[in-house]
Amino acid sequence: MLSKYSSSSTTLILSSIDNVWEILSKDSHLELVHPFCKTHKKIVWNKQEKKDIIVYLNGLIYFRTFYDWREKQGFKLMIGKKNGKKSRVVWDLRSSKQGVVLSIIVTPYISKKYNKVLSFMFMKIYVIPLLNYYLENVTKGIKCYVEKGIPIKKNQFGKHKWFS
């Protein structure tokens, strides 16, 4: 499901799928695993609807609305500012002989402010590299927390221009 504008990060976590899923579906779990997350709270969470809110270290607030929740397999959501454009995010979990393969794919919204050529260049030169760095930090944080059981520190793997 990668588009030419998507960014992704994949990591092998030395654990069981049950353990990884338990952590990823726990209340406020991003506060434990996410190096740029200040707070993470549920807004509504039931079988019909799942929404939460992330406050990043720099005060930026993003809302997440889940539209596909697959127990022990992953989930899909839209993320962005409350009344702003939203980006699509896919979290995928797969069992392997060594553990669990976690993949996160983000397809950011594309601004209509510029022509297609400028938008493409902006995405490839600026947005995608910063998204890659962000996702690598998030998957690293999850891997470290699951394997070592120690909450991730703020900016543990370095600062991020958009979220620190």
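Residues numbered from 1 in each chain as written. Predicted model: local features only at pLDDT ≥ 70, side-chain atom pairs only at ≥ 80, totals over all residues. Heavy atoms only, no water.

(A) Expanded view of the nonpolar core. Judged by nonpolar contacts, the single largest core of 37 residues is most densely connected at Trp 91, Leu 93, Leu 102, Ile 104 and Ile 142. Within the residue set of this core, elements represented by two or more residues are helix 1 (17-24), helix 2 (30-33), strand 3 (50-56), strand 5 (74-80), strand 6 (86-95), strand 7 (100-107) and helix 3 (116-148). Among the elements that take part in this core, helix 3 stands out by supplying 11 residues, more than any other. What Ile 142 contacts, discounting residues up to four positions off in sequence, is Ile 13, Leu 24, Val 33, Trp 91, Leu 102 and Ile 104. (Core = buried A, V, L, I, M, F, W, Y, C linked by side-chain atoms within 4.5 Å. Buried < 20%, exposed > 50% of the residue type's maximum accessible area, 1.4 Å probe, protein only. Helix = DSSP H or I, 4+ residues; strand = E, 2+ residues; numbered from the N terminus. Contact = heavy atoms within 4.5 Å.)

(B) Seen up close, the environment of Asp 18. Within the secondary structure layout, Asp 18 lies in helix 1. Sequence spacing of Asp 18 and Lys 72 is 54 residues, and the spatial spacing of their C-alpha atoms is 6.8 Å. At 2.8 Å, the side chain of Asp 18 forms a polar contact with the side chain of Lys 72. (Polar contact = N/O pair within 3.5 Å; in protein donor to acceptor, adjacent residues only side chain to side chain.)

(C) Fine view of the pairing of strand 5. Summarising burial for strand 5: five of the seven residues are buried, a large majority. When strand 4 (residues 61-70) meets strand 5, the two strands line up antiparallel, connected through seven bridges. Bridge assignment links Arg 70 to a residue of strand 5, and that residue is Gly 74. The hairpin formed by strand 4 and strand 5 contains three residues between the paired strands, and Lys 72 there has a positive phi angle of roughly 60°. (Pairing = 2+ DSSP bridges.)

(D) Examining the pattern of salt bridges more closely. Tallied over the full model, the rule gives nine salt bridges. A salt bridge links Arg 64 to Asp 52; the shortest N-O distance between them is 2.8 Å. Here Asp 52 lies in strand 3 and Arg 64 lies in strand 4, a separation of 12 residues in the sequence. Ionic pairing is found between Lys 76 and Asp 68, a salt bridge with its closest N-O pair at 3.9 Å. A relative accessible area of 23% means that Asp 68 is categorised as partly exposed. One network of salt bridges, with partners in common, ties together Asp 68, Arg 70 and Lys 76. (Salt bridge = Lys/Arg side-chain N within 4 Å of Asp/Glu carboxyl O.)

(E) Expanded view of the layout of surface pockets. Roughly 890 Å³ of volume is contained in the largest pocket. Lining the largest pocket are 36 residues, with Tyr 62, Ser 87, Pro 108, Tyr 109 and Trp 162 positioned closest to its centre. Mapped onto the lining of the largest pocket, the elements with two or more residues apiece are strand 3, strand 4, strand 5, strand 6, strand 7 and helix 3. Across the lining of the largest pocket, the residue classes break down as 25 nonpolar, six polar and five charged. (1 Å grid on protein atoms, 1.4 Å probe; cavity = no way out; pocket = protein on both sides within 12 Å on 5 of 7 lines; lining within 4 Å. Points joined across faces, edges and corners; volume = space filled by probe spheres on them. Nonpolar A, V, L, I, M, F, W, Y, C, P; charged D, E, K, R; others polar.)

(F) Representation of the packing of aromatic side chains. Following the criterion strictly, the structure yields 18 aromatic pairs and no others. An angle of 70° between the planes, with centres 6.0 Å apart, marks the rings of Tyr 5 and Phe 120 as edge-to-face. Of this pair, Tyr 5 sits in the segment before strand 1 (7-13) while Phe 120 sits in helix 3, and the two are 115 residues apart along the sequence. Judged by its relative accessible area of 11%, Tyr 5 is buried. Where Trp 162 meets Phe 163, the ring centres are 6.0 Å apart and the plane angle is 80°; that geometry is what we call edge-to-face. Judged by its relative accessible area of 5%, Phe 163 is buried. The ring of Trp 69 carries the charged tip of Lys 50 above its face, separated from the ring centre by 5.4 Å. (Phe/Tyr/Trp six-rings, centres within 6.5 Å; stacked < 30°, edge-to-face > 60°. Lys NZ or Arg CZ within 6 Å of the ring centre and 35° of its normal.)

As far as function goes, none of this settles anything; it's purely spatial.
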